[in-house]
Amino acid sequence: MAEGTGTDKGKTILVTGGCGFIGSNFIHYMLARYPQYRIINLDILSYCGNLDNLCEVADRPTVTFVKGDIADRETVRRILGKGVDAIVNFAAESHVDRSIEDPNLFLRTNVLGTQVLLDEAREAAVSRFVQISTDEVYGSLGASGVFTEDTPLKPNSPYAASKAAADLMVRAYIETYGIDAVITRCSNNYGRYQFPEKLIPLMISNALEDRELPVYGDGLNVRDWIYVEDHCQAIDAILHRGVKGEIYNIGGASERTNLDVVKAILHTLGKPETLIRFVKDRLGHDRRYAMDFSKLKNELGWEPNVTFEQGIQQTIAWYVEHRPWWERIKSGEYLEYYERMYGNR
Ligand code: NAD
Ligand code: TYD
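A few points on the structure. (Residues numbered from 1 in each chain as written. Chains lettered and ligands numbered in written order. Predicted model: local features only at pLDDT ≥ 70, side-chain atom pairs only at ≥ 80, totals over all residues. Heavy atoms only, no water.)

**Let's talk about the overall build of the chain**
In step 1: Helix and strand content of the chain: 12 helices and 13 strands.
In step 2: For the chain, whose C-alpha radius of gyration is 19 Å, the value lies close to the compact-globule estimate of 20 Å for 345 residues.
In step 3: When burial is assessed residue by residue, the chain has 58% of its 345 residues classed as buried.
In step 4: Long-range contacts, defined as pairs at least 24 residues apart, comprise 84% of the intrachain contacts of the chain with a sequence gap of at least 6.
In step 5: By element, 50% of the accessible surface of the chain is carried by carbon and sulfur atoms, the whole surface being about 14200 Å².
In step 6: Taking the 39 positively charged and 48 negatively charged side chains of the chain as two groups, their mean positions are separated by 2 Å. (Helix = DSSP H or I, 4+ residues; strand = E, 2+ residues; numbered from the N terminus. Rg over C-alpha atoms; globule rule 2.2 N^0.38 Å. Buried < 20%, exposed > 50% of the residue type's maximum accessible area, 1.4 Å probe, protein only. Contact = heavy atoms within 4.5 Å. Areas by Shrake-Rupley, 256 points an atom, 1.4 Å probe, with all protein chains shown as cover. Lys, Arg positive; Asp, Glu negative; His and termini not counted. Charge placed at Lys NZ, Arg CZ, Asp CG, Glu CD.)

Following this line, the structure appears as structure tokens:
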């Protein structure tokens, strides 16, 4: 899908899961970068979908919000009937620990929901479908090596398995029906609007509340952290210039152990390391993820701009300045989940 020029009326993009962490950052990014585009945001507002993430842009005439389920065929058909040029599918159940507690919803949303979107995209002849997937479909690395797009899929958690299944369904729709789709596989994101059940916002907000910081196992699991705006730029490049049928790895070139991340947060906030509490390890906990994103760099000219040191400072500052945003979340349903996981610490 070519970029809209300044003179045309612009494209209409259906963003699913636009009230979540990455989806909302992507909507902010797209509105700033392509003011002539129209964005339709389809989100079911699950526990982590939050309209507060978009309150600054809610009254823009170019953004429409539809509360609904990607697995609801009628809703999807009605939206696509209005004329949509591209779908960017962020909608998902996204938390590994919840998938270990209850995999059912992960299959329904991540697999069946994606399949409904694919069916309806095919029916409506949507000219581009971007499936937002994850490095977790590749499984776990040892101390060395990186994931390339050719690494076999070996998902270890129900979350990762559901994302891998969705990727395979996208592939099947490309091969069978010839739909124009691409798959992106990104490493761990961090930044503003991330729900405080994921490592970085959980640790920042717990530290600010002088709560303990629950580190799983020995804390030496490694993730390749990417600042969410860099991810949005990569999706933009792939949406407009990615080649039909291709898979693109996206990474941050910032491998850190969980303990490194937690200590950096405590250090920046001036809080003591005694807040760290080693807790029981996650079942099937992947040891290390690392991405080779040279395909995206060489073919579409993308690479991350923000170092981990810059990004984590900006992210910590955002959570310090937006305390009411996460305090509201932490006082709701999520609190029950947290207490079930870790007790009332
Ligand atoms: P998130 O959990 O913050 O947001 C998910 C959004 O999807 C929420 O707004 C939720 O309400 C919505 N949603 C859930 N079920 C829905 C349904 N049935 N219909 C419509 N909307 C629904 O997730 P995130 O971290 O922003 O992740 C977005 C996507 O990026 C996911 O597909 C995830 O697999 C992928 N991803 C995330 C990361 C990461 O580090 N967060 C890394 C790589 C890939
Ligand atoms: P998370 O943010 O859940 O992302 P993912 O599991 O998708 O990589 O977790 C990132 C890492 O942090 C992972 O190794 C698990 C670990 N972790 C903790 O040690 N404590 C926590 O409370 C959480 C949520 C995660």
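**Considering the environment of Val 279**
In step 1: Of note, Val 279 is situated in strand 13 (residues 276-279).
In step 2: C-alpha of Val 279 to C-alpha of Leu 213: the two residues are 66 residues apart in sequence and 9.3 Å apart in space.

**Describing the nonpolar core**
In step 1: Ile 13, Phe 26, Val 88 and Leu 239 are the most contacted members of the largest nonpolar core, which totals 37 residues.
In step 2: Listed by contribution, the elements that provide at least two residues to this core are strand 1 (12-16), helix 1 (21-33), strand 4 (86-89), strand 5 (128-134), strand 6 (181-186), helix 7 (228-241), strand 11 (247-250) and helix 9 (294-300).
In step 3: The element contributing the most residues to this core is helix 1, with 7 residues.
In step 4: Other than its neighbours up to four places away in sequence, Leu 239 contacts Met 1, Ile 13, Phe 26, Met 30, Ala 86, Val 88, Arg 128 and Val 130.
In step 5: The next biggest cluster of nonpolar side chains, apart from the first, holds 31 residues, and it includes Tyr 190, Leu 202, Met 203 and Ile 316. (Core = buried A, V, L, I, M, F, W, Y, C linked by side-chain atoms within 4.5 Å.)

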